Amino acid sequence: MPVAAAAPLISSVQKLVLYETRARYFLVGSNPAETKYRVLKIDRTEPKDLVIIDDKHVYTQQEVRELLGRLDLGNRTKMGQKGSSGLSRAVSAFGIVGFVRFLEGYYIVLITKRRKMADIGGHAIYKIEDTNMIYIPNDSVRVSHPDEARYLRIFQNVDLSSNFYFSYSYDLSHSLQYNLTVLRMPLETLKTETTQTRQESFDIFEDEGLSTQGGSGVFGICSKPYEKYVWNAKLLEAVRAAVHRDWLLYIIHGFCGQSKLLIYGRPIYVTLIARRSSKFAGTRFLKRGSNCEGDVANEVETEQILYDASVMSFSAGSYSSYVQVRGSVPLYWSQDISTMMPKPPITLDQADPYAHVAALHFDQMLQRFGSPIIILNLVKEREKRKHERILSEELVAAVTYLNQFLPPEHAIIYIPWDMAKYTKSKLCNVLDRLNVIAESVVKKTGFFVNRPDSYCSILRPDEKWNELGGCVVSTGRLQTGVLRTNCVDCLDRTNTAQFMVGKCALAYQLYSLGLIDKPNLQFDTDAVRLFEELYEDHGDTLSLQYGGSQLVHRVKTYRKIAPWTQHSKDIMQTLSRYYSNAFSDADRQDSINLFLGVFKPAEGKPHLWELPTDFYLHHKNTLGLSQTRKSYTYWWTTGVLKHLPLPFDEVTCAENRRKLTVKKFHKYEEEIDIHNEFFRPYELSSFDETFCLAMTNSTRDFMPKNVGIDPSPFTVRKPDETGKSVLGNKNNREETVLQRKTAASAPPPPSEEAVSSSSEDDSGTDKEDEGAVSQRSTPVKVTDTGDNTKITENVVQSTKDVYGVNLSDIPSEDDLAIYARFVQLGQSQHKQDKGSQQFCSKHPLDKVINLIPISSFSQDNIYEVQPPRADRKSIEIFHAHIQAGRGNMQPLGKDDFLMYREYIRNRYM
């Protein structure tokens, strides 16, 4: 079945300006080129209702200017008065977060600052830097309430400038596999969807005149977001049905980071996206376990995306991704923090003999990820006093019960591993054991790549590659199933385990794109250091959001190579986490409940701060009995089992097609032209400020700056040798001696096993450390003379260390014979007369660049330079270009007029 040419729809509302009159707000939105505009009219005379009118008409720039001019003229206090304007510009913005109401009127929340954080195939991902909250009703109709200001403070306690992300063209709530699978839907399906969309509604964006263009039309696809990971769904609920979809901007909460891996100049972008669930969201001790709908606390979906940045298109480029999940144990359990203990006792709140909550949770995962679902449980198994083991015993019972109704090939896989016990043992290596688990997990689930296996992997098959699971299709590979990792908090241990699984998957991803010869990566390479830094930023961010502090135990802690200063930092992070949990988590929880719409203020109801607990807000079955009850045996959703191991959400069926918006456009229409969206040719930009130069770079930030270093990011370095630590402290302007490692005197790099199995106290004393450095490094003196700081390096290396050969050795007879032949070639060239060289030059550069052959040996003479051959048409184009630079324009031909007319028609008409 043929696959249609499809592209993601790009929102045409990316710049907003809010204009204000006494009775209305006018929100004018435009595309980046400011050629197409939409206008929202918001009524300010209603004290408590939200009245928004969207005419769904697309305006030109001239039409918008005329409209605003008429509004300005019509709203002046006196006709013809020039002193006071009837229309004032209130604020400029980049998107609408939503509309919210407490006890008075509605507020509008606008994004006023943004920062680009990542780029996926030309689709930009932005972080919210600042927002503005504007009260809509006019002061003359405002009905004040004494508690309004307190609700406003609680709502604004959710810092929207902290780790909230959005995109105008890429669906961040779905995985890359889902987004690219949708673009590869069969042609007949997209034609059907386009016909249905045209019958339901009509506007200027429809495929006018496409039938005469033959096959030049492209399908634009916009998918319905996955609301579990959308944090402003409730804020947009009031206007979703009334406005055009381009006004709706969905934001996610979590983490987004991107780094550039340079492989001999070839740019590979490594992206890490974490989506935090908006269901049963909250802080550490106040949200544990699961609610009655199967949503668990601290549930985060982490996706690592790898792609070759030299090709930007989704259809022609090489893209790969791997997804894994963390989340609290899906049971009814909690911890009482009123005792003021660092580790409050774990209590099971409700008996669940039929694993009803776990069934709802794993049913969601089967729909989104397919099978197998793999559980990696890292909680303690052996304890003097039963604490964490309570959760393990209940989880094992729930998984055993659910598995007896599933087919054996799709059963839930349970892997218990007491990570804390292995960490304390001196005989066991934690990361080696995690690496074994990671290999088995990735082999079962596979990963996503949008290109078929390369021919070299067929010629030279790898044993590990042939054992890889997942689903192999004609266009590449699909990930089927997912790893679900948990400990008690799902923070420190979970992040390290996820890093090891991600590192294993990264090796397979690089291998599938033809970048390494074996699917294996070692520690202390530039690639793994870059990936580890991404994961540590990811872990710190998620830990701050849920636990109130950064990670306490990091990858270096479990490798036992962390510096001695890390112990004091760990203690401070533990104290910070304890303080946050004891004193500030309750206020943060109230803010999250209000922001997500879990609690809605109303007259006659108790206020948010008056509730003794929010248990009833998150467990809806406590407020009323459900009319439908799921089967105890057939606990999965109808249709899910039939398509396993594929995820039901990615299967082409009528239910999933209803979640898509499909329209047909011209090939160069702005709504699908990612080239225009990415390069912005109509904007004046600085090359130094481009995002691709500002992002973390493996060559600049991680590769050592020593002479003779192998530039490959897959070469094992010394543990303390990185690009960031080579130059030392640049701010120290006193005379010091900096230690720079050199490639010649460096010891051989340790293997992964040797580094991982190092002793726990690896730092030693200061004197021992200085002695070790002085033996294998060369001093560099820094002297300060006035304002200039000069760095003098004294690096003495032999030619054997740098070039691999020793020039002091006597050349061999074969080398001497080659050199003698080379000398004869140089002597056999024709001698030219001096007079023949002084010819009349028509161009001043001819005296500098002499391109006349001087030898009969046209292929062997190293002194000869031959000019490139250019045809007549190319020479004419070049001469016309030179003349245009001097102001002598050539007359335009018929083809030029036709091309310009087509450009104007596509862009402005």
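Described below are features of the structure shown in this document.

Analysis parameters
- Residues numbered from 1 in each chain as written.
- Predicted model: local features only at pLDDT ≥ 70, side-chain atom pairs only at ≥ 80, totals over all residues.
- Heavy atoms only, no water.
- Pairing = 2+ DSSP bridges.
- Helix = DSSP H or I, 4+ residues; strand = E, 2+ residues; numbered from the N terminus.
- Axes fitted to C-alpha atoms, helices over the stretch in contact; angles between N-to-C directions.
- Patch = residues over 30% accessible without salt bridge, like charges linked within 9 Å, V, L, I, M, F, W, Y side chains within 5 Å.
- Areas by Shrake-Rupley, 256 points an atom, 1.4 Å probe, with all protein chains shown as cover.
- Salt bridge = Lys/Arg side-chain N within 4 Å of Asp/Glu carboxyl O.
- Buried < 20%, exposed > 50% of the residue type's maximum accessible area, 1.4 Å probe, protein only.
- Core = buried A, V, L, I, M, F, W, Y, C linked by side-chain atoms within 4.5 Å.
- Contact = heavy atoms within 4.5 Å.

This paragraph deals with the sheet that holds strand β2 (residues 15-20). Here we have five strands laid out as an open sheet, ordered β5-β4-β3-β2-β6, and antiparallel in their pairing. The sheet is open, and its two edges are formed by β5 (52-54) and β6 (88-93), each paired on a single side. Put simply, the sheet's adjacent strands are angled 20° from each other on average, direction ignored. Of the strand pairs in this sheet, strand β3 (residues 24-30) and strand β4 (residues 37-43) are connected by seven bridges, and their pairing is antiparallel. Residue Y25 lies in a different strand from β4, and its bridge partner there is I42.

With that settled, the discussion passes to a nonpolar patch on the surface. Together, Y455, I458 and L459 give the surface a local cluster of nonpolar side chains, amounting to about 370 Å² of exposed area. For L459, the position within the fold is in helix α9 (residues 455-459). Accessibility expressed as a relative area gives 52% for L459, which makes it exposed.

This paragraph deals with helix α3 (residues 176-183). Burial analysis of α3 places seven of its eight residues in the buried class, which makes it a mostly covered element. For α3, the set of buried residues is L176, Q177, Y178, N179, L180, V182 and L183.

This part takes up the nonpolar core. In terms of nonpolar packing, the biggest core is built from 55 residues, with Y322, L431, L434, V442, F499 and L510 touching the most fellow members. Elements that contribute at least two residues to this core include exactly β12 (252-263), β13 (266-276), β14 (300-308), β18 (373-377), α8 (430-445), α11 (492-512), α12 (526-547) and α13 (555-559). In terms of residues, this core owes the most to one element, α11, which gives 11 residues. Apart from the residues within four sequence positions on either side, L434 is in contact with W417, M419, T496, A497 and M500. Core analysis: the second largest hydrophobic core is formed by 32 residues, V379, V399, V482 and W636 among them.

With that out of the way, let us pick up unusual backbone geometry. The linkage connecting S371 with the following residue, P372, adopts the cis geometry, with an omega of 5°. Its place among the elements puts P372 in the loop between α5 (356-369) and β18. A positive phi angle is found at Y264, which is not glycine, with a value near 55°. When you line up the elements, Y264 lands in the loop between β12 and β13. Relative accessible area serves as the criterion here: at 58%, Y264 is assigned to the exposed category. Its identity is not glycine, yet A355 carries a phi of approximately 50°, on the positive side. Within the secondary structure layout, A355 lies in the loop between β17 (346-348) and α5.

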